[in-house]
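Chain and residue survey
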Amino acid sequence: MPVMKRADAEIYFEEYGSGYPVLLFAPGGLRSRIEMWHPPAAGPARPWHDWTVVLAQNYRVVAMDQRNAGRSLGAIGKDHGWHTYAADQLSLMDHLGYRRFHTLGGCIGASYCLKLCELAPERVSAAVLQNPIGLNPEFPSYFPDSHQSWASELCAARPDLDAAAVKSFGQNMWDRDFVFSVTREFVQRCTVPCLVLPGNDTPHPAVTGAELVALLPMREELNPWKGEAHFAAQSNAVRAFLEAYTPPAAA
């Protein structure tokens with residue numbers, strides 16, 4: 001089983017295809033895991049492509065289970081937050097020997113992408129922000145409430161965790177506005193080219209996608225993009241965007 005070991009975590013990952021690397025951050029909130037890219041065995045189809053398949057035709061795709069999601073395990077400290085996930089993600093790419101790479105994130109993954117753009121812009125050549133999460137002014141407690149549900153479930157399964165630390169971690173993650181991981185001020189000066197695929201529901205409010213499009217200096221937008229009727233446009237736009245920013249030596 002492909003696992004990267006850190007001092008306080010074990011991160012499960014999978015690789016597909018070959019070429020310039022693309023690091024994927026799956027949907028699912030704090031349960032972000034690789035299987036969220038794959039078509040479900042039952043129930044409604046996902047409104048997005050399985051990028052582990054589509055992008056593997058031209059790129060080396062790296063998909064991961066985030067810390068404490070899927071097959072990844074890790075500590076939770078009172079000072080942990082978005083930077084903790086970013087450290088895991090950069091460590092994984094170091095482990096695999098990839099200095100520069102594209103990113104594509106769905107849902108919470110869009111906020112992971114933006115945090116990497118803030119902390120390591122020299123390493124991210126382009127970012128696709130699919131269905132970005134954000135503070136919904138009509139449902140401001142959505143993410144803190146979801147965190148409580150996640151924390152209760154995790155602490156029941158992991159008696160080694162400190163409930164106070166898990167609560168503090170939640171405050172570090174969600175006691176913010178906008179996209180939670182970075183500020184509007186950072187987005188206005190972001191140097192990484194971004195493709196925005198805006199959301200349109202409670203956790204992925206349309207206002208967040210619209211703000212990102214308005215603020216990002218180097219951005220493209222695809223809207224509408226969700227569902228089978230838009231799969232061709234979704235695939236074509238993402239592939240063309242990433243191709244445009246793939247370094248020439250890697251093309």
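These lines cover the structure that appears in this document, whether it is placed above or below.

Reading the values: rules and limits
- Residues take numbers from 1 onward in each chain, read along the sequence in its written order.
- Local features in a predicted model are, by the rule used here, given only for residues with pLDDT of at least 70; side-chain atom pairs are given and counted only at 80 or more, and totals for whole chains, interfaces and linings are based on all residues.
- Hydrogens and water are ignored here; the side-chain numbers use all heavy atoms of the structure.
- Helix and strand assignments follow DSSP, with helices taken as H or I runs no shorter than four residues and strands as E runs no shorter than two, numbered in order from the N terminus.
- The quantity called the radius of gyration is restricted to C-alpha atoms. Its globule counterpart is 2.2 Å times the number of residues to the power 0.38.
- Each residue is assigned to one of three classes by its accessible area relative to the maximum for its type, calculated with a 1.4 Å probe on protein chains only: buried under 20%, partly exposed between the two thresholds, exposed over 50%.
- Only rings of Phe, Tyr and Trp enter the pairing, Trp through its six-membered ring, and a pair is recorded when the two centres are within 6.5 Å. The plane angle decides the type: under 30 degrees is stacked, over 60 is edge-to-face, the rest tilted.
- In plain words, nonpolar cores are sets of buried Ala, Val, Leu, Ile, Met, Phe, Trp, Tyr and Cys residues tied together by side-chain atoms within 4.5 Å.
- It only takes one pair of heavy atoms within 4.5 Å for two residues to be counted as in contact.
- Grid points spaced at 1 Å and placed over the protein atoms alone form the basis of the search, with a cavity being a set where a 1.4 Å probe fits but cannot get out and a pocket an open set showing protein on both sides within 12 Å along at least five of seven lines. Lining residues have an atom within 4 Å of a point.
- Grid points are joined across faces, edges and corners, and a volume is the space filled by probe spheres set on the points.
- Three classes are used: nonpolar for Ala, Val, Leu, Ile, Met, Phe, Trp, Tyr, Cys and Pro, charged for Asp, Glu, Lys and Arg, and polar for all others, with Gly counted as polar.

The subject of this paragraph is the overall build of the protein. A count of helical and extended segments in the protein gives eight helices and nine strands. Taking 2.2 N^0.38 as the reference for a compact globule, 251 residues should give roughly 18 Å; the C-alpha atoms of the protein span a radius of gyration of 17 Å, in line with that estimate. Taken along its principal axes, the extent of the C-alpha atoms in the protein is 50 × 40 × 40 Å. Across the 251 residues that make up the protein, the buried fraction comes to 53%.

Attention now moves to the packing of aromatic side chains. Following the criterion strictly, the structure yields eleven aromatic pairs and no others. For the ring pair Y85 and Y112, a centre distance of 5.1 Å and an interplane angle of 40 degrees mean the geometry is tilted. With a gap of 27 residues between them, Y85 in helix α2 (residues 82-96) and Y112 in helix α3 (residues 108-119) connect regions that are remote in the sequence. Here Y85 matches Y112 in class, with each residue buried. Both rings, one in Y85 and one in F169, keep their centres 6.2 Å apart while their planes meet at 45 degrees; by these two values the pair is tilted. A residue pair is termed long-range when its members are at least 10 positions apart, and Y85 in helix α2 and F169 in helix α5 (residues 163-174) qualify at 84 residues. Judged by relative accessible area, Y85 falls into the buried class, the value being 3%. One aromatic cluster in this structure is built from F25, W82, Y85, Y112, Y142, F143, W150, F169, W174 and F180.

Attention now moves to the nonpolar core. L23, L30, L129, W174 and L212 are the most contacted members of the largest nonpolar core, which totals 54 residues. The greatest single-element share of this core, amounting to seven residues, is contributed by α3. Not counting residues up to four positions away in its chain, the partners in contact with W174 are L30, W82, I108, I133, F143, P144, H147 and F180. Of all hydrophobic cores here, the second largest spans 26 residues; its members include I34, L55, V61 and L197.

The next point concerns the layout of surface pockets. In this structure, the largest pocket spans a volume of roughly 330 Å³. Lining the largest pocket are 22 residues, with G28, G29, C107, Y142 and F143 sitting closest to its centre. The greatest single-element share of the lining of the largest pocket, amounting to five residues, is contributed by helix α4 (residues 142-157). Classifying every residue of the lining of the largest pocket by side-chain character gives 13 nonpolar, six polar and three charged.

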